[in-house]
Structure formats: C-alpha cells, structure tokens
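As a plain string of letters, each chain reads:
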Amino acid sequence: MDTTCPTVRSLVVLDSEGRRIAVKYFAPEWATVSSQANFEKSLFAKTSRTNARGEAEIIMFDDYLVVYKCLGDLMFYVTGSLSENELILYSALQAFYEATSTLLRQQVDKKTVLENLDLLLLVMDEIVDGGLILETDPQTVAARVTMRGADGEVPITEQTFSQAFASAKEHLARSLLK
C-alpha cells in the first residue's frame, strides 16, 4: 500500500455499554473476531470515562492513534497508525458521524442506528475502502448513500421505470412552461 495516502486501521461504533454496533477493520492484526473483541473492550474501557460529547478526542492507545466522539448513546471511533495525521483522521470521523446524523435526521441513538444499520454500513463503505480514505465531505457521503446526485435527483441509471417516466414528464412540463 502507498505510504503517502492517508489510511485508517478501523472504523468502530460501540453502544454506551461497549457492545459492538458496527465495525470495519482494515489491519491484519485484527483478523480474528476475538482480537477485534479484545481491542473493542479495552478501547471502550479507556474512552468511556472521557467527555467527548462536545468535541472529538484524540488518544494514543496500544500503538494506534484513535479519534473518537460520542453521539447520543453511541461512540464513534476512527483508528490509524501513530504516524497518521490526526487532522485527517478527525476529518474522517467528522464525515462518519455527520453523514450518519444527516441520514438518520439527527436521531442518532442505538435503536435508530440498528433499524438503519444498512445506512451506517454504507456510510462506512463510502468513507473508507480497504483502509484508504475516499471521501470526507459528509454531504457527499450522505448523497452517495441515498444514491442522489449533487442536485438531489436520483441518477437516471439508478431510477425505476416509473421514476424515470415521472422525471421525464416533469422535465417536459418545465420546458413547456418556459
């Protein structure tokens, strides 16, 4: 992997009791579920007593740089190597929780996230792929997750026949009224 590209080791969402909600690991040291569970347990034990509700916190933990923030009853974590830039990890974290918050209409709690787990996993996929940070703009991430273009319209290749017909009818009506 190119060492000049910003990378993430993991994206983790835990509930207020330290239980896993959603995770994506990109490092070989967390190849097993037991190593992941141990990391999550120790990470939560280290960060659960801090107040990261207003702003994100940055810690060095087990030879990793961890940026995290609480949102509702959830903890959002982005982990990188010690040589990674904190601001880049912070921008990935910010995109992660702001896109999630936007998609869930500011109702970010455990129940809502579990009901919309597909959206959370898509947000994770849009931000990071294979450890490489792809996008840090939360509005762009939210638009891609909902498959909407920059202007808010569904791309023609993603539309059903009835949606495409309604869109064509609307465009025709607009052009005739001009």
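Residues numbered from 1 in each chain as written. Predicted model: local features only at pLDDT ≥ 70, side-chain atom pairs only at ≥ 80, totals over all residues. Heavy atoms only, no water.

Caption draft 1: Highlighting the nonpolar core. Ranked by size, the top nonpolar core spans 32 residues in total, and within it Phe 76, Val 78, Phe 96, Leu 120, Val 123 and Ile 127 carry the most contacts. Of all the elements, helix H2 (residues 86-103) adds the most residues to this core, at eight residues. If we skip the residues at most four places from it in the chain, Phe 96 touches Leu 11, Val 12, Val 13, Phe 76, Tyr 77, Val 78, Leu 120, Val 123, Met 124 and Ile 127. Grouped together as the second largest cluster of nonpolar side chains are 17 residues, Phe 44, Ile 59, Cys 70 and Met 75 included. (Core = buried A, V, L, I, M, F, W, Y, C linked by side-chain atoms within 4.5 Å. Buried < 20%, exposed > 50% of the residue type's maximum accessible area, 1.4 Å probe, protein only. Helix = DSSP H or I, 4+ residues; strand = E, 2+ residues; numbered from the N terminus. Contact = heavy atoms within 4.5 Å.)

Caption draft 2: Broad picture of the environment of Val 123. For Val 123, the location among the structural elements is in helix H4 (residues 117-127). Residues Val 123 and Thr 146, 23 residues apart in the sequence, show an inter-C-alpha distance of 9.8 Å.

Caption draft 3: View of the sheet that holds strand E2 (residues 20-25). Strands sit in the order E2-E1-E5-E4-E3 across an open sheet of five strands; the sheet is antiparallel. In this open sheet, the two strands that pair with only one neighbour each are E2 and strand E3 (57-61). In this sheet, adjacent strand axes meet at a mean angle of 20 degrees when their direction is disregarded. Bridging between strand E4 (residues 64-71) and strand E5 (residues 74-81) involves eight bridges; their strand directions are antiparallel. Within the sheet, the bridge partner assigned to Val 67 lies in E5 and is Val 78. Sheet strands touched by H4: strand E1 (10-15), E2 and E5. Its angle to E2, the strand with the most contacts, is close to 25 degrees. (Pairing = 2+ DSSP bridges. Axes fitted to C-alpha atoms, helices over the stretch in contact; angles between N-to-C directions.)

Caption draft 4: A look at unusual backbone geometry. Notably, Asp 63 is not glycine yet its phi reads approximately 65 degrees, a positive angle. Topologically, Asp 63 is positioned in the loop between E3 and E4. With a relative accessible area of 63%, Asp 63 lands in the exposed category. Although it is not a glycine, Arg 105 adopts a positive phi angle of roughly 55 degrees. Relative to the helices and strands, Arg 105 resides in the loop between H2 and helix H3 (110-115).

Caption draft 5: Broad picture of the packing of aromatic side chains. Counted under the stated rule, the structure contains eight aromatic pairs. When the centroid spacing of 6.0 Å and the interplanar angle of 50 degrees are considered together, the rings of Phe 39 and Phe 61 count as tilted. A residue pair is termed long-range when its members are at least 10 positions apart, and Phe 39 in helix H1 (residues 33-47) and Phe 61 in strand E3 qualify at 22 residues. (Phe/Tyr/Trp six-rings, centres within 6.5 Å; stacked < 30°, edge-to-face > 60°.)

Caption draft 6: Just the pattern of salt bridges, in detail. The full count for this structure, using the stated rule, is nine salt bridges. Of the charged contacts, one joins Arg 19 and Asp 15 as a salt bridge, the two residues approaching to 3.4 Å between their closest N and O atoms. The class of Asp 15 is buried, set by a relative accessible area of 2%. The residue Glu 126 makes a salt bridge to Arg 144 at a minimum N-O spacing of 3.9 Å. Of this pair, Glu 126 sits in helix H4 while Arg 144 sits in helix H5 (residues 138-145); the two residues are 18 residues apart in sequence, bridging distant segments of the chain. Since its relative accessible area comes to 24%, Glu 126 is described here as partly exposed. Taking the relative accessible area as the measure of exposure, Arg 144 reaches 41% and is therefore partly exposed. Among the charged side chains, a network of salt bridges with common partners joins Asp 15, Glu 17, Arg 19 and Lys 110. (Salt bridge = Lys/Arg side-chain N within 4 Å of Asp/Glu carboxyl O.)

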